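# Summary of structural features
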Amino acid sequence: MTALLLDVVTTAAILFAVASGLLLVFGVMKIINFAHGGLITLGGYAALITTQLGLNPWFGIPMAALFGAVAGTLIERVVVRPLYARPLDAILATWGLGIIIGQTIVLVFGREVQFAAAPLGGTIDLLGESYSLYRIVMVPIAILLGLGIALLLNGTRLGLATRAVIMNEDLARGLGIDSTWVRFVTFALGSALAAVAGALITPLSSVDPNMGVPWLVNAFMLVLVSGTSLASLAAACLVLGGAQVIVSSLYSPVLGGITIALLAAIILRTRPQGFARG
Amino acid sequence: MAERPILLAAGMAALAIAAFAGATQILDTYSMNVLVRSLLYAMVALTVDILWGYLGILTFGQSTFFGIGAYAAGLVFMHVGFSPGTAVLALAAGIAIAVLVAAVVAWLAFWHGASELYASVITLVLPIVATQVIFSGGTWTGSSSGLSGFETFDLSIEAWFVLAGSLLAVATAAAWVVMASDAGRLIVAIRENEQRCKYLGIGTARLKSIAFLVSAALAAVAGYVFAGYAAVVAPELVGFVFGTELVIWVALGGRGTLLGPVIGTVLVDYESAQLSGDYPFVWKLIIGLVFVAVIVALPRGFLPILGDGLKRLGRWVGLGGKTTARTATLVTAARRTVATASDGPAIRIRGVAKHFGSLPVLRGIDFEARAGELVSLVGPNGAGKTTLMRCIADGSERSGGTIEIGGVSIGRLPPERCVALGIGRKFQMANVFDSLTVAECLQIARTRIDRPSLVRRSTELALPGPAARVVATTGLDQRLATPARLLSHGQKQALELAMVLALEPKVLLLDEPTAGLSKAERMLIGGILTDLATQERLCILLVEHDLDFVREISSRVVVLHQGRLVLDGTVEEVVGSETVKQIYAGAGHHGAPAEAAR
């Protein structure tokens, strides 16, 4: 029981970390970044490079952030910017980018499954249960990420401009806010978050050129039911991630794999605003 | 009179089949082997194109229907055995299951209020779920390795090639006939402006569902033939990656053209088979790069670019004159014998309320209007006038109370069903189909009454008297072939009014029909409206800010203020009312009060 509870909380934390970048981009730009999966993979390989260079595994996280931010900057400039008015096309173009990232990685690193070193190993005794220390550490990391984004949005000038763009872009532009710049920074930040999430999940799974795709779909569904709020994303991760864990352990992992997508589709059908506003 | 492109299409299909038969003499076995698969994939790509390119539903799930057809064959042939009987059974089962699954998906994806994105999301979830279902089938479905080694049709490779080519040719020709017909125009209209279609009485969700079901069945047939030919089925066939590949091929070839996606799929899949042996990753990388470039820079795909180039070349060498687009000619619609309404009111509103959360916008609205009346709704901004219009035209809008049209309650009916009861709504902003011509816009508006043909494009535009008069007096009859987006603001307003009148409504809802019009245009519309009320016995509800205009044309005025009905009387009563003066003066409203009180 305790193990199940810990599974639920840590899974929710991981999902939150993976989905937060997508949420940020969706909230500000109203487009779904399907390159998110590719960027997660990129982060995974950043962690792998760190391991191969023999550096401290923790160093993989800033490395991933750098990789993601650079890739995001390029993507926004070249591909996403012309597609703001065509949101469905933006989904397709970013999916194409995901293919490009994946194939480039295959060309450089090969197709085989590889492993990055974990920053933390071993187990911890918690509530009478011996549990993976790294999974537990994901919880404070996810909370820190969430608080960091919230602080950025609510405590800085850029955050104020970003929230203005989220609420009413035309008005924000009329008030002299450079919404193009806001979108650019947001996309780079969202991409960096995706890559960081990729680095964070590598110790839990392997590194391979398609590692991001299964995460992409779950993150995408979670963001759709959460709207634009970090709090509702956290709630969605707990509820749907929890359902996934319970279905996986009680019935079958195969069913667990589609729990989030199925539940989210049904939630959106019956309650289009999802988890947003209570 | 109507054009019949069906003969032309049948001829083209026959020609294509003959070409496929001839090609068996030239092509080597290896190429034909690859091409059978490419041709069947092209058939699925065709259904993606119909859904996405024509109807605007971006679908990632057509692979699943292809896979269902393939697995139906694989499972039956593997576990029951192969015989002519089981072959027919497997095909029927494949189509039936595909249609059933499509019906569930359509129920989830297309409903009043669903967004485009949501429909895409559902089609994305479908292949993911389907793949997991196959994985959990264990040895019965072959799990991740699929099924192979089952007995199947004993046909030569040439026969498979001609069969696949014929299926593709017939499907493409049939799709071309439908897209060139009245129904095809309707499909484009739904993509362009689904909301306007609903308020023209067109059940868009139902039409989208039908298209989705037909596409699913077609994809299942292609999948069935594929399994019969390859004698192998694998979970990749139902999956999300194949689903997105189909979208990529359609985008490259040219969405919204039929030949583009077909040619694109055959070329890319054939080349993939040739090149992916030597350079598998580089090839996929190139496809990814080209795909992104096409989406960003050439959203129409390659075929239209090629077509434009050829046209320019043709003009340059002096071939091929101007293509004259044929436009329907105006005729007057036969007057439909409408059961003469009882003496009851045309519209009766009882206790209608609307609130957003805890904020009330309308409270206890009660009034009636009879045929032949022109009732103006006036009141300061935020009084709830437009909200009331919305509540009348869409049964799901109001929070409480009842609305009856000709004695029939609208209940919770969606807009298209309210239109069937006799409501016609003109929006505040001119709301027409920008890419269609004036004649086409009007033909779409007649969809509810003149059922569109699936195989013909009608050459006549039958309009009822009032709509025809609006078209004639505003000069639209001279511009029938003009795309609606090129019309002036006033002409767009007139066009929308004519479209709503083409519905032959009993109750006409007009939300500021003269906003942004010149004085002359306003007089013209005013004259038409009073004629409609007095001669055609329409019941007209008009929201208007211009009180001079209201005074000239109304037979009655209803005043709304802060969501309540404060006065319902003749023009003189309202103009002389102290309450009205207070409302406008008290609200500190600019300009209008003085005029109202004058």
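Reading the values: the criteria
Starting from 1, residues in each chain are numbered consecutively following that chain's sequence as written. Following the order in which they are written, the chains are lettered starting with A and the ligands numbered starting with 1. For this predicted model, a pLDDT threshold of at least 70 governs which residues receive local features, and a threshold of 80 or more governs which side-chain atom pairs are given and counted, while totals over whole chains, interfaces and linings are taken from all residues. In computing side-chain properties, one takes all heavy atoms of the structure into account and sets aside hydrogens as well as water. Helix and strand assignments come from DSSP, with helices taken as H or I runs of at least 4 residues and strands as E runs of at least 2, each series counted from the N terminus. Burial status follows relative accessibility: with a 1.4 Å probe on protein chains alone, a residue under 20% of its type maximum counts as buried, one over 50% as exposed, and anything between as partly exposed. Any two residues whose heavy atoms approach within 4.5 Å at even a single point are treated as in contact. Values of accessible area rely on a 1.4 Å probe in the Shrake-Rupley scheme; residue burial ignores everything except the protein chains shown. Every angle, taken between N-to-C directions, lies between 0 and 180 degrees, and every axis is a line fitted to C-alpha atoms, over only the stretch in contact when it is a helix. Roughly parallel refers to an angle under 35 degrees, roughly antiparallel to one over 145, roughly perpendicular to one between 65 and 115, and oblique to any angle outside these ranges. The nonpolar class holds Ala, Val, Leu, Ile, Met, Phe, Trp, Tyr, Cys and Pro. Asp, Glu, Lys and Arg form the charged class, and all remaining residues, Gly among them, are polar. Counting of polar contacts relies on pairs of N or O atoms within 3.5 Å, with two restrictions inside protein: one atom must be capable of donating a hydrogen and the other of accepting it, and residues adjacent in sequence are counted only when both atoms are side-chain atoms. Residue types Ala, Val, Leu, Ile, Met, Phe, Trp, Tyr and Cys, when buried and joined through side-chain atoms within 4.5 Å, form a set referred to as a nonpolar core. For the purposes of this description, domain bounds are those given by an automatic or database domain assignment. For salt bridges, the criterion is a side-chain nitrogen of Lys or Arg within 4 Å of an Asp or Glu carboxyl oxygen. At least two DSSP bridges between two strands are required for those strands to pair. UniProt positions are given in the numbering used here, feature names are shortened, and annotations may be inferred rather than shown by experiment. We call a crossover right-handed when, viewed with both strands directed away from the observer, the connection leading from the first strand over the helix to the second proceeds clockwise. Put simply, buried area is how much 1.4 Å-probe accessible surface two parts lose in total, over both of them, once they are put together. The pLDDT value expresses, per residue, how confident the predictor is, ranging between 0 and 100. To estimate the expected span of a helix, count its residues, drop one, and scale the result by 1.5 Å. Helix crossings are classified by the rotation of the near helix relative to the far one: an anticlockwise turn of less than a right angle makes the crossing left-handed, while a clockwise turn makes it right-handed. Like-charged residues are merged into a patch within 9 Å and nonpolar side chains (Val, Leu, Ile, Met, Phe, Trp, Tyr) within 5 Å, provided each residue has over 30% relative accessible area and no salt bridge.

## Observations concerning the overall build of chain B
Per the secondary structure count, chain B includes 24 helices and 16 strands. Each principal axis of the C-alpha atoms in chain B carries an extent, and together these give about 90 × 60 × 45 Å. Looking at chain B as a whole, 55% of its 598 residues are labelled buried. Once local pairs closer than 6 in sequence are excluded, the contacts in chain B between residues at least 24 apart make up 76%. Total accessible area on chain B stands at roughly 25100 Å², and carbon and sulfur atoms take up 61% of it.

## Digging into the packing of helix H3 (residues 62-79) of chain B against helix H5 (residues 116-135) of chain B
All names here are of chain B. Contact geometry of H3 with H5 gives a least axis separation of 9 Å together with a crossing angle of 30 degrees. Here H3 is positioned roughly parallel relative to H5, judged by the angle of their axes. Along the contact surface, H3 presents Ser63, Thr64, Phe65 and Tyr71, while H5 presents Leu126, Pro127, Ala130 and Ile134. Broken down by class, the residue content of the contact of H3 with H5 amounts to 6 nonpolar, 2 polar and no charged.

## With respect to the environment of B:Asn193
Residue and element names in this part refer to chain B. In this structure, Asn193 sits in the loop between helix H8 (182-192) and helix H9 (194-198). Between the alpha carbons of Asn193 and Phe433 there is a distance of 6.4 Å; along the sequence they are 240 residues apart. When residues no more than four places from it in sequence are discounted, the contact partners of Asn193 are Asn431, Val432 and Phe433. Among the polar contacts made by the side chain of Asn193, one reaches the main-chain carbonyl oxygen of Val432 at a distance of 3.5 Å.

## Some thoughts on the nonpolar core
In terms of nonpolar packing, the biggest core is built from 244 residues, with A:Met221 and B:Leu495 touching the most fellow members. The element contributing the most residues to this core is helix H2 (residues 29-54) of chain B, with 17 residues. Two domains each provide a minimum of three residues to this core, namely domain 1 (2-242) and domain 2 (345-422 + 546-598) of chain B. Judged by nonpolar contacts, the second largest core, of 32 residues, contains B:Ala369, B:Cys391, B:Phe427 and B:Leu509.

## A word on the domain arrangement of chain B
Residues and elements named next belong to chain B. Each assigned domain of chain B is listed with its residue range as follows: domain 1 (2-242) and domain 2 (345-422 + 546-598). Averaged C-alpha coordinates put domain 1 and domain 2 at centres separated by 50 Å. On inspection of domain 1 and its partner domain 2, the count reaches 0 salt bridges. Across the domain 1-domain 2 interface, the total number found is 1 residue pair in polar contact (both at pLDDT 80 or more).

## Examining the sheet that holds strand S13 (residues 507-511) of chain B
All names here are of chain B. Across the sheet, which stays open at both edges, the 6 strands sit in the order S10-S13-S14-S7-S15-S16 with mixed pairing between neighbours. Lying at the two open borders of the sheet, with one neighbouring strand each, are strand S10 (423-426) and strand S16 (564-569). Sheet twist, expressed as the mean angle between neighbouring strand axes with direction ignored, is 15 degrees. Where strand S7 (residues 374-378) and strand S15 (residues 556-561) come together, 4 bridges link them in parallel fashion. Across the sheet, residue Val378 finds its bridge partner in S15, namely Val559. Taken strand by strand, helix H19 (residues 489-502) contacts S10 and S13, and its axis lies near 170 degrees from that of S10.

## A look at the UniProt feature "transmembrane region" (unreviewed entry) in chain A
Residue and element names in this part refer to chain A. Mapped onto the present numbering, the UniProt feature "transmembrane region" (unreviewed entry) falls on residues 6-27, 34-53, 59-80, 92-111, 131-153, 181-201, 221-243 and 250-268. Between the end C-alpha atoms of residues 221-243 there is a gap of 14 Å, over a span that is 87% helix and 0% strand. Between the first and last C-alpha atoms of residues 250-268 the distance is 25 Å; the span itself is 89% helix and 0% strand.

## What about the environment of B:Pro360?
Residues and elements named next belong to chain B. Turning to its location among the elements, Pro360 is positioned in strand S6 (residues 359-369). The spatial distance from the C-alpha of Pro360 to the C-alpha of Ile202 is 31 Å, given a sequence separation of 158 residues. Residues contacting Pro360, with those up to four places away along its chain left out, are Lys354 and His355.

## Details of the pairing of S13(B)
Residues and elements named next belong to chain B. Of all the 5 residues making up S13, 5 are buried; the element is thus mostly covered by neighbouring parts of the structure. What you see with S13 is no split at all: Val507, Leu509 and Asp511 on one side and Leu508 and Leu510 on the other are buried throughout. Here 4 bridges tie S10 to S13, and the two strands are oriented parallel to one another. Each residue of the ladder has a partner; that of Ile423, found in S13, is Val507. Here S13 pairs with strand S14 (residues 539-543) via 5 bridges, running parallel. Considered in S14, the bridge of Leu509 is made with Leu541. For the segment spanning S13, helix H20 (residues 519-534) and S14, crossover handedness is right-handed.

## Observations regarding the interface of chain B and chain A
Counting residues at the interface gives 36 residues for chain B and 36 residues for chain A. Both sides of the chain B and chain A interface together cover about 3200 Å² of buried area, and 84% of this is carbon and sulfur. Two residues, B:Arg255 and A:Asp89, come together in a salt bridge whose shortest N-O distance is 3.1 Å. Summed over the shared surface of chain B and chain A, the result is 7 residue pairs in polar contact (both at pLDDT 80 or more). Taken together, the elements giving at least two residues each to the side of chain B that touches chain A come down to helix H4 (84-109), H5, helix H11 (240-253) and helix H13 (280-297) of chain B.

## Some thoughts on the confidence of the model for chain B
Here chain B shows a mean pLDDT of 87. Residues at 70 or above account for 94%. Low pLDDT (under 50) marks residues 588-598 of chain B, which in the prediction has 16 contacts with non-local residues, meaning those over four places away or in another chain.

## Section: helix H5 (residues 133-155) of chain A
All names here are of chain A. For H5, spanning 23 residues, the distance from its first C-alpha to its last is 32 Å, which sits close to the expected 33 Å at 1.5 Å a residue. Of the positions making up H5, those classed as buried are Tyr134, Ile136, Val137, Met138, Val139, Ile141, Ala142, Leu145, Gly146, Ile149 and Leu153. Tucked into the core, H5 has its buried residues touching helix H1 (2-29), strand S1 (123-126), strand S2 (129-132), helix H6 (157-167), helix H8 (179-201) and helix H10 (230-250).

## Examining the packing of H1(A) against H5(A)
Residues and elements named next belong to chain A. Where H1 contacts H5, the axes come no closer than 8 Å and their chain directions differ by 35 degrees. In the crossing of H1 with H5, the sense of the turn from one axis to the other is left-handed. Contacts between H1 and H5 involve Leu6, Asp7, Val9, Thr10, Thr11, Ala13, Ile14, Phe16, Ala17, Ser20 and Leu24 from the former and Arg135, Ile136, Met138, Val139, Ala142, Leu145, Gly146, Ile149 and Leu153 from the latter. The residue inventory of the contact of H1 with H5, partitioned by class, reads 14 nonpolar, 4 polar and 2 charged.

## Some words on the pattern of salt bridges
Residue and element names in this part refer to chain B. If you walk through the whole model with that rule in mind, you get 24 salt bridges over all chains. Lys208 is the partner of Glu194 in a salt bridge, and the nearest nitrogen-oxygen pair spans 2.8 Å. Note that Glu194 is positioned in helix H9 and Lys208 in helix H10 (residues 204-230), a separation of 14 residues in sequence. Looking at Glu194, the relative accessible area reads 24%, which means it is partly exposed. For Lys208, a relative accessible area of 12% corresponds to the buried category. Among the salt bridges present, the one from Glu404 reaches Arg348, with a minimum N-O distance of 3.6 Å. A residue pair is termed long-range when its members are at least 10 positions apart, and Glu404 in strand S8 (residues 400-405) and Arg348 in strand S5 (residues 347-356) qualify at 56 residues. By relative accessible area, which is 23% here, Glu404 ends up partly exposed. According to the relative accessible area criterion, Arg348 is partly exposed, its value standing at 30%.

## Some points on the side chain of B:Asp182
Residues and elements named next belong to chain B. Of note, Asp182 is situated in helix H8. On the accessibility criterion, Asp182 (8% relative accessible area) is buried. For Asp182, the side chain forms a polar contact with the side chain of Arg185, separated by 3.1 Å. Within the structure, the side chain of Asp182 is placed 3.0 Å from the backbone nitrogen of Ser458, a separation counted as a polar contact.

## Focus on a nonpolar patch on the surface
Together, A:Leu107, A:Val108, B:Tyr279, B:Val282 and B:Ile286 line one region of the surface with nonpolar side chains, adding up to about 460 Å² of accessible area. Mapped onto the nonpolar patch, the elements with two or more residues apiece are helix H4 (87-109) of chain A together with H13 of chain B. The residue B:Val282 is located in helix H13 in this model. By relative accessible area, which is 34% here, B:Val282 ends up partly exposed.

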